[in-house]
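Examining the three-dimensional arrangement
Letter by letter, the chains look like this.
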Amino acid sequence: MLLFSARAARGLGDGFATILLPAYLVELGYSPFQIGVVATGALLGTAILTLGVGWLGSHRDLRTLLFLSALAMMLTGLTFPFAEVFPVILVLAFVGTINPSPGDIGIFVPLEHALLASASDQKRTQVFARYSLIGGLSTAAGALVATAPDLLVSSDMPRLAALKSMFFVYTTLGLIGAVLYRLLPESSPAIDTRPEASVLGPSRQVVYRLAALFSVDAFAGGFAVQSLVALWLFERFDLSLSSASLFFFWSNTLSAFSYPLAARLSQRFGLVNTMVFTHIPSSVCLIAAALIPNLTVVLILLSIRAALSQMDVPTRTSYVMAVVTPEERPAAASVTAVPRSLASAISPSAAGAMLDTAFSGLPLVICGALKIAYDITLLLSFRHIKPPEEAEGAVERSIGRTGQTSRFGAFNSGEWDDSR
């Protein structure tokens, strides 16, 4: 409960920060390309910090690392309102915790995932879905909070001052998270810390292959991170901050409720199938949104995309935690998260430049096309590598058909997937 409450506080801050970040930079007079560069710097810094905490998570108390990460969130909120010069903003984005996209990236993620991964095989996906649901709902609430600057402006506060005040709210949420993380029970280092112990052992090749594929997905997603989608709506349709906040509230709410649905679907169709066959339609909606000039239709398509695109979040995390040994989980969470952050850091700068072209929807088209290619490759590469709960289901059905009791035949033959 403490971990989920801390996730809610963090999600609330991420929810409004991703929308207000481009609005704040636009108010300071920066171009879409410069905003894209800031997004790149934020994601690149996140990747490096995630790599560090993922490695430390294999050797140190996870509670302490989460507490220190929350302190970093507090410092980010305290310093950002005083940054107006572009180089300073870029440095703060690099070393801070504000990201252009909420969700499953950031220095907190591998640490929280490692703590949650202790759930049993049968409950693991449900636990991650509950975690993602809480994060999604709090992010949606945060998006609604992003309307606050417009309310402050209507009360005669200067717009820039109203935007800056929200960073202090972000600081307060970091403080709440720090207190909650500090109250967590002490956790032992996740793996054997003897010199000869390996951080990644028998699952190394599987983790590296997954990390490579997840990087393609993240690189594609970098073309349509929430901050840049918000900027695209501001620039193309002259959408107000309050209207954008309301839209992202509902879209994030749809995303949140898709998490438990994804857990139920994964029980019926498997984790990999759930990831792939919910992801592809969402990418098609994103491409269509880029091509249509009507705001209402665009918002409907983006809402459908929001309801589908995040179903792979709890299923992907659960899958990674399932196909590695318990000792490898912190490292696996980091190794799969860091390349995602690095890859997603490459594309926002290019996307920002594209927003200034005649076809401003080009980043959305590129994002959708690359994600479809990723989904097809993931399905072809991993449909026969089963997590324990799916392998056990295959065994039960195999026993029912043949009366045999060997587990390995059903697990290795891939019959489970084909029988679906």
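All of these numbers come straight from a predicted model, not from anything done at the bench.

As for the overall build of the protein
Of regular secondary structure, the protein possesses 19 helices and 0 strands. Per-residue burial over the protein gives 58% buried out of 420 residues. Put simply, 85% of the contacts in the protein that link residues at least 6 apart link residues at least 24 apart. About 16400 Å² of surface is accessible on the protein, with carbon and sulfur atoms providing 67% of the total.

Details of empty space enclosed by the protein
Over the atoms rolls a probe the size of a water molecule, and in doing so it shows where empty space is left. Considering all chains together, one arrives at 7 cavities of 30 Å³ or more under this definition. In this structure, the second largest cavity occupies an estimated 130 Å³ of space. Elements with a contribution of two residues or more to the lining of the second largest cavity: helix H5 (109-116), helix H14 (312-322) and helix H15 (329-354). In terms of residue class, the lining of the second largest cavity is built from 6 nonpolar, 3 polar and 3 charged.

Considering H5
H5 sits mainly inside the fold: 7 of its 8 residues count as buried. Among all positions in H5, only Val109, Pro110, Leu111, Glu112, His113, Ala114 and Leu116 are buried.

Concerning the environment of Thr317
When you line up the elements, Thr317 lands in helix H14. For Thr317, a relative accessible area of 9% gives the class buried. For the pair formed by Thr317 and Ala333, sequence separation is 16 residues and the distance between their alpha carbons is 7.9 Å. From its side chain, Thr317 meets the backbone oxygen of Val313 in a polar contact 2.9 Å long.

Definitions and limits used
- Residues numbered from 1 in each chain as written.
- Predicted model: local features only at pLDDT ≥ 70, side-chain atom pairs only at ≥ 80, totals over all residues.
- Heavy atoms only, no water.
- Helix = DSSP H or I, 4+ residues; strand = E, 2+ residues; numbered from the N terminus.
- Buried < 20%, exposed > 50% of the residue type's maximum accessible area, 1.4 Å probe, protein only.
- Contact = heavy atoms within 4.5 Å.
- Areas by Shrake-Rupley, 256 points an atom, 1.4 Å probe, with all protein chains shown as cover.
- 1 Å grid on protein atoms, 1.4 Å probe; cavity = no way out; pocket = protein on both sides within 12 Å on 5 of 7 lines; lining within 4 Å.
- Points joined across faces, edges and corners; volume = space filled by probe spheres on them.
- Nonpolar A, V, L, I, M, F, W, Y, C, P; charged D, E, K, R; others polar.
- Polar contact = N/O pair within 3.5 Å; in protein donor to acceptor, adjacent residues only side chain to side chain.

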